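Structural overview for review
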Amino acid sequence: MSYSGLINTNINRAFNMVKDLAIEVSLSKKSSASFDFTTDVVTTVATTVLTKAVITDATKTSKDNTVIKKIAMLNTKNIGEISSYDILSFDNTTWRIGPIINSTQFITIAEIYKET
Amino acid sequence: MGKYENLEKDVFSIFASTLWKNENIKTFPVNFIELNPGNEFIRASVIPSGNGINLTSISGVLIIDIFTSAGNGPRKTSLIADKLDSYLVGKSISTQSGNATQLQNSSLAILGLDKDNPALFRASYSIPFNYFGV
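Residues numbered from 1 in each chain as written. Chains lettered and ligands numbered in written order. Predicted model: local features only at pLDDT ≥ 70, side-chain atom pairs only at ≥ 80, totals over all residues.

What chain B contains, in helices and strands, is 3 helices and 7 strands. In sequence order, the secondary structure elements of chain B are arranged as α-α-β-β-β-α-β-β-β-β. For chain B, whose C-alpha radius of gyration is 15 Å, the value lies close to the compact-globule estimate of 14 Å for 134 residues. Dimensions of chain B, computed from the C-alpha atoms along their principal axes, are close to 50 × 30 × 25 Å. Every one of the 134 residues in chain B was classed for burial, and the buried ones make up 28%. Long-range contacts, defined here as pairs at least 24 residues apart, represent 58% of the contacts in chain B between residues at least 6 apart. (Helix = DSSP H or I, 4+ residues; strand = E, 2+ residues; numbered from the N terminus. Rg over C-alpha atoms; globule rule 2.2 N^0.38 Å. Buried ≥ 20, exposed ≤ 12 C-beta atoms within 10 Å, placed from the backbone. Contact = placed C-beta atoms within 7 Å.)

Okay, structure coming up:
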């Protein structure tokens, strides 16, 4: 087995070993987007990926405590590249992808945001 | 419609035109994320930050960021700016009856490598405007 395959296998194992700390999430990924200057409408095409994520560090970021920020750690191989267009859903709530803290070929760590 | 929406429609009508589309310069508005913008594109921001001559008028500046490949010299930037000039400088645009957006003369500021993507060279094309409503 290649080293990258070995690492991916162990990342999957790690996500399983942390049990309920890794939760099932749905990632809606925009694969294309276009803007129509005539109608002022943005058209996007999305695909949905089901995967596991470790969600940590819930903090409230605005002065009036209406914005919640969390950190999501995901398996890069499962999700591919993500952008600010993408939406992460879990526990019946939707979160917008914020800045990517770190993204390697194995693990992606991103800030996610939602209004309370 | 209000003056801000009318103003935006006037300016965007240029980029919606078939003539501009045939120039094959990828054009995006501010607050839009293009997933695959490539190495050559422009991004338009309408900034209605000045006073108007009456309550239905306003002035401001149209700022267009020009992105080209880094390391290839400034010529492409100049060519795109000249192309923008031919569509904008001195033009009067009206998409609504009785309203008009008048564009003045342009200027170009070279900003160097883009801080988010150093593979891109960035310049800022700006042109003041006056919008007159009814």
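That covers the picture; the talk isn't over yet.
Below, the discussion takes up the sheet that holds strand 4 (residues 87-90) of chain A. Residues and elements named next belong to chain A. Ordered in space as 1-2-3-6-5-4, the 6 strands form a closed barrel in which the pairing is antiparallel. If you compare each strand with its neighbour and ignore which way they point, the axes differ by 45 degrees on average. Bridge analysis of strand 2 (residues 41-60) against strand 3 (residues 67-75) gives 6 bridges, and the strand direction is antiparallel. Within the sheet, the bridge partner assigned to T59 lies in strand 3 and is K69. This element, helix 1 (residues 3-17), spans strand 1 (22-36), strand 2, strand 3 and strand 6 (107-115) of the sheet and lies at about 130 degrees to strand 3. (Pairing = 2+ DSSP bridges. Axes fitted to C-alpha atoms, helices over the stretch in contact; angles between N-to-C directions.)

What follows deals with the interface of chain A and chain B. Listed per partner, the contact involves 11 residues of chain A and 9 residues of chain B. In terms of residue count, strand 1 of chain A provides more of the side of chain A that touches chain B than any other element does, 4 residues in total. The residue inventory of the side of chain A that touches chain B, partitioned by class, reads 5 nonpolar, 4 polar and 2 charged. (Nonpolar A, V, L, I, M, F, W, Y, C, P; charged D, E, K, R; others polar.)

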